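The residues making up each chain are set out below.
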Amino acid sequence: QHQPPTPRYTCHKAEQEKMEQQKVLLQQRQMIVKLNKLGMEYHKTKEHDIAMFYYNEALNLLTNAEDEHGQHKNDLVENLPPSSLNEREIHAPTSLSKAIALDPRKVAISSNWIVIDAMIIMQNVALLQFEVGNIKHAEKLLKVALKLIDANETKEKIFKNPLAVMATMAIYTTLGKVRSCDSKNGLPNAVSCFMKALKIGKERLGNDHSLLACVYVTMGQILAQEEFYDEAMGVFNQASRIYNRVESMLSEISFDETEYCAACA
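Since we're looking at a predicted model, the values are computed, not measured.

Draft legend 1. Just unusual backbone geometry, in detail. At Asn185, a residue that is not glycine, the phi angle is positive and equals roughly 60°. Of note, Asn185 is situated in the loop between α6 (162-179) and α7 (186-205). The class for Asn185 is exposed, based on a relative accessible area of 55%. Located in the positive-phi region is Glu227, a residue other than glycine, with phi close to 70°. Its place among the elements puts Glu227 in the loop between α8 (210-225) and α9 (229-264).

As structure tokens, then:
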């Protein structure tokens, strides 16, 4: 026996509900982006309590979004081409030692945007905690952030988003600084974290990305603090090589554009 077709009004109602859910989730994410941005602004001016308030509000809203709309979050994603984290990209960060902004666009590159946003905000909070001396809290939060990516079945898909790569590098770099404060095996544990950050960066961004230089600089600073001056100098030289290479590449791009404009004129 043939089953009767689903009434049109039922399909229409389901579609409307889906659109409403998407609209609510997009509004929630815009608020999460705004709260994180406010946290960053107060973080920059060292108003730590206010910054922490906004970061925590962003995390709470993110948790609510996951709980309420987890089964619908993938519906928000459009088939956008993966972007590259190059030196001239508007939202590309230039440091791993500062708070990170969330992707402000209405749709994320990856369907796992909740995981990526959570990683970034946790990194921001951990960085703030480290700056005010709450070392244990910072380490605990960084471990949780890494579990989000390591335990995720779609890890490879997540890493197609350059912000996820950068966030992971930042997390390992901050964790390196945190572990360097440990009086027992602090330095080797810290270097291990820096090497993980470098490995991820080289695999995903190439050998000449400026964020790799950021990791080398931080590692060199830790080595110098522990009086491993020769090793620190070698690491600083690696950073210098990358910075020089990036500057050269940008100069070539700028020259080519000028030459092209002159030819057109």
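Draft legend 2. Main features of helix α4 (residues 135-150). Spanning 16 residues, α4 covers 22 Å between terminal C-alpha atoms, matching the ideal 22 Å at 1.5 Å per step. Among the residues of α4, those classed as buried are Ala138, Leu141, Leu142, Ala145, Leu146 and Ile149. Along the axis of α4, the buried residues cluster in a sector spanning 140°; they form a single face. Residues of α4 that are exposed and point over 90 degrees away from its buried face: Lys136, His137, Lys140 and Lys147. In this structure, the buried residues of α4 make contact with α3 (113-131), α5 (155-158) and α6.

Draft legend 3. Inspection of the environment of Asp182 at higher detail. Turning to its location among the elements, Asp182 is positioned in the loop between α6 and α7. For Asp182, a relative accessible area of 40% corresponds to the partly exposed category. Once the C-alpha coordinates of Asp182 and Ile135 are considered, the two residues, 47 residues apart in sequence, prove to be 9.5 Å apart. Looking at Asp182, its side chain comes within polar contact range of the main-chain nitrogen of Lys184, at 3.1 Å.

Draft legend 4. Geometry of the pattern of salt bridges. Counted by the stated rule, this structure contains six salt bridges. Ionic pairing is found between Lys199 and Glu203, a salt bridge with its closest N-O pair at 2.7 Å. Within this pair, Lys199 and its partner Glu203 are both found in helix α7, separated by four residues, close to a single helical turn. Residue Lys199 is classed as exposed on the basis of its relative accessible area, which comes to 51%. In this structure, Arg245 engages Asp208 in a salt bridge whose closest nitrogen and oxygen atoms are separated by 4.0 Å. Residue Arg245 is found in helix α9, and its partner Asp208 is found in the loop between α7 and α8; the two are separated by 37 residues along the sequence.

Draft legend 5. Fine view of the packing of α6 against α7. Where α6 contacts α7, the two axes come as close as 7 Å, and the packing angle between them is 170°. Between α6 and α7, the crossing angle belongs to the class labelled roughly antiparallel. Relative to α7, α6 is oriented so that their crossing is left-handed. Between α6, through Val165, Thr168, Met169, Tyr172, Thr173, Leu175, Gly176, Lys177 and Arg179, and α7, the contact on the second element is made entirely by Gly186, Asn189, Ala190, Cys193, Phe194, Lys196, Ala197, Ile200, Gly201, Arg204 and Leu205. Tallied by class, residues from the contact of α6 with α7 come to ten nonpolar, six polar and four charged.

Here is what the cut-offs are and how they apply
- Residues numbered from 1 in each chain as written.
- Predicted model: local features only at pLDDT ≥ 70, side-chain atom pairs only at ≥ 80, totals over all residues.
- Heavy atoms only, no water.
- Helix = DSSP H or I, 4+ residues; strand = E, 2+ residues; numbered from the N terminus.
- Buried < 20%, exposed > 50% of the residue type's maximum accessible area, 1.4 Å probe, protein only.
- Expected span 1.5 Å × (residues − 1).
- Arc of directions from axis to C-beta.
- Contact = heavy atoms within 4.5 Å.
- Polar contact = N/O pair within 3.5 Å; in protein donor to acceptor, adjacent residues only side chain to side chain.
- Salt bridge = Lys/Arg side-chain N within 4 Å of Asp/Glu carboxyl O.
- Axes fitted to C-alpha atoms, helices over the stretch in contact; angles between N-to-C directions.
- Parallel < 35°, antiparallel > 145°, perpendicular 65-115°, else oblique.
- Left-handed = near helix turned anticlockwise from the far one by under 90°.
- Nonpolar A, V, L, I, M, F, W, Y, C, P; charged D, E, K, R; others polar.

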